[in-house]
Each structure stands twice: as structure tokens, then as C-alpha cells.
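A look at the structure
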Amino acid sequence: MVELAVKLKKLRVRNAKSLQEVADAVGASKAHIWDLERGASKNPSLVLLKGLADYYKIGVAELVGEDPTAPDEEPDLIALYRNLSELEPEDRETIALIAERLKASRKS
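The text that follows walks through the structure, step by step, so that each part is easy to find. (Residues numbered from 1 in each chain as written. Predicted model: local features only at pLDDT ≥ 70, side-chain atom pairs only at ≥ 80, totals over all residues. Heavy atoms only, no water.)

1. Looking at the pattern of salt bridges
- Within this structure, the stated rule accounts for four salt bridges.
- Measuring nitrogen to oxygen at the nearest pair gives 2.6 Å for the salt bridge that ties Arg 12 to Glu 37. Taken together, the positions of Arg 12 in helix H1 (residues 4-14) and Glu 37 in helix H3 (residues 30-38) put the pair 25 residues apart, joining distant regions of the chain.
- According to the relative accessible area criterion, Glu 37 is buried, its value standing at 7%.
- The residue Lys 103 makes a salt bridge to Glu 100 at a minimum N-O spacing of 3.1 Å. Of this pair, Lys 103 and Glu 100 both sit in helix H7 (residues 89-107), separated by three residues, roughly a single helical turn.
- Look at Lys 103 and you get partly exposed, because its relative accessible area is 47%.
- Residue Glu 100 is classed as partly exposed on the basis of its relative accessible area of 46%. (Salt bridge = Lys/Arg side-chain N within 4 Å of Asp/Glu carboxyl O. Helix = DSSP H or I, 4+ residues; strand = E, 2+ residues; numbered from the N terminus. Buried < 20%, exposed > 50% of the residue type's maximum accessible area, 1.4 Å probe, protein only.)

2. Here we look at a negative patch on the surface
- A cluster of acidic residues, Glu 88, Glu 90, Asp 91 and Glu 93, forms a negative patch on the protein surface.
- Relative to the helices and strands, Glu 88 is located in the loop between helix H6 (75-85) and H7. (Patch = residues over 30% accessible without salt bridge, like charges linked within 9 Å, V, L, I, M, F, W, Y side chains within 5 Å. Areas by Shrake-Rupley, 256 points an atom, 1.4 Å probe, with all protein chains shown as cover. Lys, Arg positive; Asp, Glu negative; His and termini not counted. Charge placed at Lys NZ, Arg CZ, Asp CG, Glu CD.)

3. Quick word on the packing of H1 against H3
- At their nearest, the axes of H1 and H3 sit 6 Å apart, and the two run at 120° to each other. Judged by the inter-axis angle, H1 sits oblique to H3. For the pair H1 and H3, contact is made by Ala 5, Leu 8, Lys 9 and Arg 12 and by Leu 36, Glu 37 and Arg 38, respectively.
- Broken down by class, the residue content of the contact of H1 with H3 amounts to three nonpolar, no polar and four charged. (Axes fitted to C-alpha atoms, helices over the stretch in contact; angles between N-to-C directions. Parallel < 35°, antiparallel > 145°, perpendicular 65-115°, else oblique. Contact = heavy atoms within 4.5 Å. Nonpolar A, V, L, I, M, F, W, Y, C, P; charged D, E, K, R; others polar.)

In C-alpha cells, the structure reads:
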């Protein structure tokens, strides 16, 4: 899934908007939008995420990379999501734990 920073910059450039235009539209500072696009600010408020999603006319889930139906999502990830959605909740929880451990082992 596309990282938030990458997604924000891609959306801004695709829509031919300046940092200032985006900042003004969502009630944030230009510096804060820049920090989000660089990945320097990693925990934006839900209000800001909602404002950015509304501004770009997409859902918050798509903005943060958690929408398996997003147009830029990889087909194999969509298939994986569909398979996971058919599992029992405890099985999904087990798979989520495995995924977290795999991510953690890659960071080490």
C-alpha cells in the first residue's frame, strides 16, 4: 500500500496544486503539509486526514492506504483481502499477528 507521504504528494502534483493551496484549503500550515509529504509528520489528526480526503475527493481509507478497492491498489493485494475477508475473525487475527512480526523482522 502506498505510504501516506507518497500518496499526498502524488495527489497534490496530479491536481496541480501548490503546498499553500492545499494548506489553505484544509486549514493547515504549508510547513505541516510539507512535513506530511516528506514523511516527517507521521501522525496527522483525523480532522486533517478528513479535510485532505475531502479536498482530493477520495475516502480517508484510500488516502491512508487502507482501501483494498482503491484504483492504484495491486491486484494480488485485492485478492488477498478478499480471501482474508472470508476467514473467521480469530484466523484473521492470527494472520495479522504474523504480518506484524514479519514487518518488525524486516526493520531489524
